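Here is what each chain is made of, one letter per residue.
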Amino acid sequence: MKLNIKDLSLNEFAAHLARHREPAYRARQVWQWLFQKGANSFAEMTNLPAPFRSRLDGEFAISRLAVTRRAESRDGTVKFLFSLPDGKTIESVLIPETKRLTLCISTQAGCAFGCAFCATALLGLRRNLTSGEIVEQVLETSRTLPADTRITNVVLMGMGEPLANYAQTVKALEIMTDTTWGIGISPRRITLSTVGLVPQIRKLMDETNVNLAISLHAPTDELRARLMPVNRKYGLKELMDCCRALPIPRRKRITFEYVLLRGVNDSVACAQALCDLLRGVRCKINVIPFNPHPGSRFQRPTDESIAAFQQTLYQRGVQVNVRRPRGDDIAAACGQLQGEQQGARHVRRTMAAEAGGL
Ligand code: SAH
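About the cut-offs
Residues numbered from 1 in each chain as written. Predicted model: local features only at pLDDT ≥ 70, side-chain atom pairs only at ≥ 80, totals over all residues. Heavy atoms only, no water. pLDDT = per-residue confidence, 0-100. Contact = heavy atoms within 4.5 Å. Helix = DSSP H or I, 4+ residues; strand = E, 2+ residues; numbered from the N terminus. Polar contact = N/O pair within 3.5 Å; in protein donor to acceptor, adjacent residues only side chain to side chain. Pairing = 2+ DSSP bridges. Axes fitted to C-alpha atoms, helices over the stretch in contact; angles between N-to-C directions.

Per-residue confidence for the protein gives a mean pLDDT of 92; residues scoring 70 or more make up 94%. A low-confidence stretch, residues 342-358 (pLDDT under 50), is modelled with 20 contacts involving residues beyond four sequence positions or located in other chains.

Quick look at the environment of Ser305 now. Topologically, Ser305 is positioned in helix H10 (residues 303-315). A polar atom in the side chain of Ser305 sits 3.1 Å from the backbone oxygen of Thr302.

Our focus in this paragraph is the sheet that holds strand E11 (residues 211-215). In spatial order, the strands read E3-E4-E5-E6-E9-E10-E11-E12-E13-E14; together these ten strands make up an open sheet with mixed pairing. A single partner strand is all that each edge strand has here, and the edge strands are strand E3 (66-72) and strand E14 (319-322). Strand-to-strand twist across the sheet, computed as the mean angle between neighbouring axes with direction ignored, equals 20°. Strand direction decides the pairing type here: strand E5 (residues 89-96) and strand E6 (residues 101-104), joined by four bridges, are antiparallel. Among the inter-strand pairings, Val93 is bridged to a residue of E6, identified as Cys104. Contacts from helix H5 (residues 166-177) reach strand E9 (153-156) and strand E10 (190-194) within the one sheet, and its direction differs from that of E10 by about 165°. Where H10 meets the sheet, it contacts strand E12 (254-260), strand E13 (283-289) and E14, and its direction lies at approximately 160° from that of E14.

Below, the structure written as C-alpha cells:
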C-alpha cells in the first residue's frame, strides 16, 4: 500500500524531496494544496509540473476518512462516524454556537484508560490514529460546510487519550495551527483534554501553545482512583504539583473537567474538597453533568445538586462553568462517543467491573 502523504510532517516530506533533488519550496506548495485547499488528488495541483505530480501519484496516496454515518441533533450538533482504512471507526462532533463553530476530534480508536463512566472506555484501545487521520477529521467535516463557514475552534476531547498518542497528536497540531501552509487555526482556539499524564503534560506545554484541559472528576485519590484507574499511576499530589509548576502565560488558565455523577462525586463536601485541592492553581472548572449511555450504571445528578455544587465553587472564588449537554439526542454528548455498537458481552463485563468497583 502507498504511504498516506498526510501522515508526513512538512520536514519529513521536504527531506523526501531533497533526496529526489526537487526544489525545497515544492514541499510547501504541496502542503498548501493538501491542507489549505483540501486537494484530494495530485492532478488538482495545477501550479506544479505534470511529471512531478505523476511521480508523487506513484509514490503516495492522499487518503481520506469515509463518512459512514452522519447524525444531526435538534440543537444543530452534527456527529460523524468515520471509517478508517482498516475498518475501525471513530467519531467527530461539530458543535455550532452563536459566535463559534467547534469541532471535537478523536485521537485514538477506542481508549485504554478505562474511566468508569465513559462510553469509549467500553471499546478498549483499538489503535492510535495517525497524524493524517487526526487532521483529516478537520478537513472532512469542513468539506460539509457552506463555503463561507469555517471551523473556528478544535477540542481534542473525542475518543481516546491524546497524550497517549503524543507524537502523532503533536504532528497533527502543527498542521492545524500553521498559517503559511497549514489549516491556520490559532492554538489559542485549540484545547487538548487529558486524563492527566504528567510527563506528557509538561512536554506538551513546552512544545505547543494549545490550551490544556485535565479530567479531574474527584477531589481525593481514593475516589479518583475508583473512577479513573490512571490515578494509581499519577496521583493527585503529583498532578497538582505539575499544574502549579507549568509555565502558563498570565492570561491563560488550566481547565479542569469534572463529570458530576449522582451520589458519587456531586456533594457539597466534594465541591469544598475540590476548592482546597485547587488552591494556588490558576484554573477554571468545567462541570459536566453525566451524559448517560447504554452500558453505564451511573446517573445524571439532580438539578439541585448541580446548582449547589456550582454555587459552592463560585462562593470560594473559583471560576466555574456548567456545560450544557449538546447533541445528547444523537449520542454525541461528552463521553457518549463509542464508534460502533458494542457487543452486549463487553457491556455486561464492564458493568460487572463497575459494580465491583463502586
Ligand atoms: N481522554 C481525554 C479526552 C476524551 S474525554 C480525557 O479523558 O480528558 C473528554 C471529556 O469527556 C473528559 O473530561 C471525560 O471525562 C468526559 N466524559 C467521559 N464520559 C462522559 C459522560 N458519560 N458524561 C459526561 N462527560 C464524560
